[in-house]
Amino acid sequence: MSLVDRDRAHVWHPYTQMRTAPPPLPIVSGKGVYLHTEDGRRLLDGISSWWVNIHGHSHPRLNEAIARQAQQLEHVMFAGCTHPAAVELAERLVAVLPPGLQRVFYSDNGSTSVEVAVKLATQYWINKGEPERRVFVTLHHAYHGDTVGAMSVSEDSVFTRAFAPLLFPVVRAHAPYCYRCPLGLDRASCNVDCLGDLERALRTLGGSAAAVMVEPMLQGAGGMIVWPAEFLAGVRRLSDQYGVLLIADEVLTGFGRTGRLFACEHAAIAPDIICLSKALTAGYLPLGATCVTNAVYDAFLSDDHSRTFFHGHSFTANPLACAVAVASLALFEEEAVLDRVGRLERQLMSGLAPLRELPAVGDVRVIGGVGAIELVTDKGTRGAGGYLDQIGPRLAAAFLARGLLLRPLGNIVYFMPPYVISESEAAWAIEQIAAVIGALAPA
Ligand code: PLP
């Protein structure tokens, strides 16, 4: 019996329309930017295995770090215990994070790093004696994860709608989605006027606002929306002006994906709380980290038990995950990884720009190691099908037939390879994308 037949008998996959889904890809090994299937196909991993892989699959240095750690200590609870890998990772993170982020709270994945941020911000204000500060201000098109708190702060969308009764209310402000400007303006002449909506929200909420939460510079699952850095600078300014915490969800953008180690660097800002996961372990193992300033940490520092942050997971700070994260950060130092991302960004910009002329292409957006193409049904009206547009699965099948693994977000096709992709591999992938999109019938 093949792996796919056995899988179909018992396994339930995420985000899968069960009756109409194509069979899952039986992946048996990976090396560099390639994945290998049971039936002998070699696929270029064009989405870095859900945005986590940065140094390539089965990297010898990372493999070795895990093997070494497994010989020493595979796991220990993190309440009341510590271990060298967690301490070293915290030291290394604090050394490279935006200034002021000094404390690392570990969890298990991106969503839990967000849950931790939401709970920390809530209790921060209680501990500070301002319990009425409870409302989160988030942005349209946001995606922060699939757990209940993370869904609450995300956009009201197909991802969250069935769970609406479980979610807490938030106030949502405009995102700087320049191709579909919420104010109908043009980026060439606007003054990031869309920030006014965030200001209005904060002014209206006054003393009931707890925090602003954003995905800095690149809103991922909401459509690969690339921001002007001025918007991010404005978010920090307004958070200060209205005295609320700024939470940067860098689960996707952290560790070089936007060309800087952290996306906050594009606007030279530092948040009060940052959420990290995905590439934190170079895509090897699940690990989350929510890092905060001493000002946030100090609000919990007390002899009074009621001020304690009562949150922890069985696998918090798993030593194997911490060890591979340490090894990944060492690679950043040794291999000029950000230069690699810079070269990839330039190649994506020049390689994808001509696609703008195609009849089905509305917009092309590039930042760091991400290139996105927004497909439209009508260039004039910018009409498009959105996330559930069947063009996504159709195109995914066409890319797969050519040996390229992509997973469009409906009408948003994006390419986000591991940073180790070579120039010729990236050129090949861009060629496949251009050919498949170029073959779409004119609208
Ligand atoms: N935050 C952002 C910005 C994300 O892109 C994601 C996942 O795509 C998450 C949080 C959730 O991370 P995880 O899938 O590890 O729970």
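Residues numbered from 1 in each chain as written. Predicted model: local features only at pLDDT ≥ 70, side-chain atom pairs only at ≥ 80, totals over all residues. Heavy atoms only, no water.

Visitor: Sorry if this is basic, but what is going on with the sheet that holds strand S3 (residues 42-45) here?
Guide: Strand pairs in the sheet, formed through backbone hydrogen bonds, run parallel or antiparallel to each other. What the four strands build is an open sheet, ordered S1-S2-S3-S15; its pairing is mixed. Here the strands that pair on one side only, and so sit at the sheet edges, are strand S1 (27-31) and strand S15 (404-405). Two elements, S3 and S15, share two bridges in a ladder whose sense is parallel. Along S15, the bridge assignment pairs Leu44 with Leu404. (Pairing = 2+ DSSP bridges. Helix = DSSP H or I, 4+ residues; strand = E, 2+ residues; numbered from the N terminus.)

Visitor: Looking at this structure, I do not really get the site of the ligand. What am I missing?
Guide: Around the ligand, the surrounding shell consists of Trp51, Asn109, Gly110, Ser111, Tyr143, His144, Gly145, Glu215, Asp249, Val251, Leu252 and Lys278. One nitrogen or oxygen atom from the side chain of Asn109 is found 3.5 Å from an oxygen atom belonging to the ligand. Between the ligand and Lys278 there is a distance of 3.1 Å, counted from an oxygen atom to a side-chain nitrogen or oxygen. Protein contact buries 83% of the 390 Å² of open area that the ligand shows by itself. By residue class, the composition of the shell around the ligand is four nonpolar, five polar and three charged. (Near = heavy atom within 4 Å. Polar contact = N/O pair within 3.5 Å; in protein donor to acceptor, adjacent residues only side chain to side chain. Areas by Shrake-Rupley, 256 points an atom, 1.4 Å probe, with all protein chains shown as cover. Nonpolar A, V, L, I, M, F, W, Y, C, P; charged D, E, K, R; others polar.)

Visitor: Teacher, can you tell me more about the packing of aromatic side chains here?
Guide: Within a pair of aromatic rings, the relevant descriptors are the distance that separates the centres and the angle that separates the planes. Here the structure, examined in full by the defined rule, presents 11 aromatic pairs. Relative to Trp50, the ring of Tyr15 lies with its centre 5.6 Å away and its plane at 90 degrees, an arrangement referred to as edge-to-face. Pair noted here: Tyr15 is in the loop between helix H1 (3-10) and S1 and Trp50 is in helix H2 (residues 48-51), with a separation of 35 residues, a long-range link. Given the relative accessible area of 37%, Tyr15 is considered partly exposed. Members of the aromatic cluster, connected to one another through ring pairs, are Tyr15, Trp50, Tyr143 and Phe159. Over the aromatic face of Tyr34 sits the side chain of Arg42, whose NZ or CZ is 3.8 Å from the ring centroid. The residue whose ring lies beneath Arg133 is Trp125, and the NZ or CZ to ring-centre distance is 4.9 Å. (Phe/Tyr/Trp six-rings, centres within 6.5 Å; stacked < 30°, edge-to-face > 60°. Buried < 20%, exposed > 50% of the residue type's maximum accessible area, 1.4 Å probe, protein only. Lys NZ or Arg CZ within 6 Å of the ring centre and 35° of its normal.)

Visitor: What is the right way to read the packing of helix H4 (residues 84-96) against helix H10 (residues 319-334) from this model?
Guide: Each packed pair of helices is defined by two parameters, the angle between the axes and the distance between the axes. Interaxial distance between H4 and H10 falls to 8 Å at its minimum, and their mutual angle equals 35 degrees. Taken as a pair, H4 and H10 cross one another with a handedness that is left-handed. Residue-level inspection shows Ala85, Ala86, Glu88, Leu89, Arg92 and Leu93 of H4 in contact with H10, the latter providing Pro319, Cys322, Ala323, Ala325, Val326, Leu329, Ala330 and Glu333. A class-by-class count of the residues in the contact of H4 with H10 yields 11 nonpolar, no polar and three charged. (Axes fitted to C-alpha atoms, helices over the stretch in contact; angles between N-to-C directions. Left-handed = near helix turned anticlockwise from the far one by under 90°. Contact = heavy atoms within 4.5 Å.)

Visitor: Please clarify how the domain arrangement of the protein chain should be interpreted in this entry.
Guide: Many authors give the size of an interface as the accessible area that is lost as the parts come together. Each domain of the protein chain was delimited in the assignment, giving domain 1 (3-58 + 336-438) and domain 2 (64-334). On a C-alpha basis, the centres of domain 1 and domain 2 stand 26 Å from each other. Contacts between the two partners involve 35 residues from domain 1, matched on the other side by 34 residues from domain 2. Summing both sides of the interface, domain 1 and domain 2 together bury roughly 2,900 Å²; the carbon and sulfur share of this comes to 62%. On the domain 1 side of the contact with domain 2, Trp51, Ile367 and Arg382 bury the most area, a combined 22% of that side's loss. At the junction of domain 1 and domain 2, the tally comes to one salt bridge. As a salt-bridge pair, Glu374 and Arg180 come within 2.7 Å of each other at their nearest N and O atoms. For the pair domain 1 and domain 2, the number of links is 16 residue pairs in polar contact (both at pLDDT 80 or more). Of all the secondary structure elements, the ones that give two or more residues to the side of domain 1 that touches domain 2 are H2, helix H11 (337-352), strand S13 (361-367), strand S14 (370-375) and strand S16 (412-415). (Domains from an automatic or database assignment. Buried area = accessible area lost by both parts, 1.4 Å probe. Salt bridge = Lys/Arg side-chain N within 4 Å of Asp/Glu carboxyl O.)

Visitor: Before we go on, may I ask you to explain the side chain of Glu115 in this structure?
Guide: Relative to the elements of secondary structure, Glu115 occurs in helix H5 (residues 110-127). Lys119 provides the closest opposite charge to the buried, salt-bridge-free Glu115, at an N-O distance of 6.7 Å. Non-local contacts of Glu115, meaning those with residues more than four positions away in its chain, are made with Thr147, Val148, Gly149 and Ala150. (Lys, Arg positive; Asp, Glu negative; His and termini not counted.)

Visitor: Mind showing me how you'd approach the pattern of salt bridges here?
Guide: Pairing is possible between side chains that carry opposite charge, provided their charged atoms lie close to one another. In total, this model carries 17 salt bridges according to the counting rule given. Residues Glu230 and Arg187 are paired through a salt bridge, measuring 3.4 Å at the closest nitrogen-oxygen approach. In this pair, Glu230 is assigned in helix H8 (residues 229-241) and Arg187 in the loop between strand S6 (171-173) and helix H7 (195-205), connecting sequence segments 43 residues apart. Using a relative accessible area of 44% as the deciding quantity, one classes Glu230 as partly exposed. Overall, Arg187 belongs to the partly exposed group, its relative accessible area being 29%. The salt bridge involving Arg236 is made with Asp240; its shortest N-O contact spans 2.8 Å. One end of the pair is Arg236 and the other is Asp240, both in helix H8 and four residues apart, which spans about a single turn. Look at the salt bridges and you will find they share partners, linking Arg180, Arg356, Asp363, Arg365 and Glu374 into a network.

Visitor: Hey, could you run me through the layout of surface pockets in this one?
Guide: Empty space among the atoms becomes apparent when a probe as large as a water molecule is rolled across them. By volume, the largest pocket amounts to about 2,000 Å³. Around the largest pocket, the lining is made up of 50 residues, and of these His13, Pro14, Tyr15, Thr16 and Arg407 lie nearest the centre. Elements that contribute at least two residues to the lining of the largest pocket include exactly H1, H2 and helix H12 (391-401). When residues are assigned to domains, the lining of the largest pocket turns out to be shared by domain 1 (3-58 + 336-438) and domain 2 (64-334), each giving three or more. Elements with a contribution of two residues or more to the lining of the second largest pocket: H4, strand S4 (101-107) and helix H9 (294-298). For the lining of the second largest pocket, a count of residues per class yields 17 nonpolar, eight polar and three charged. (1 Å grid on protein atoms, 1.4 Å probe; cavity = no way out; pocket = protein on both sides within 12 Å on 5 of 7 lines; lining within 4 Å. Points joined across faces, edges and corners; volume = space filled by probe spheres on them.)

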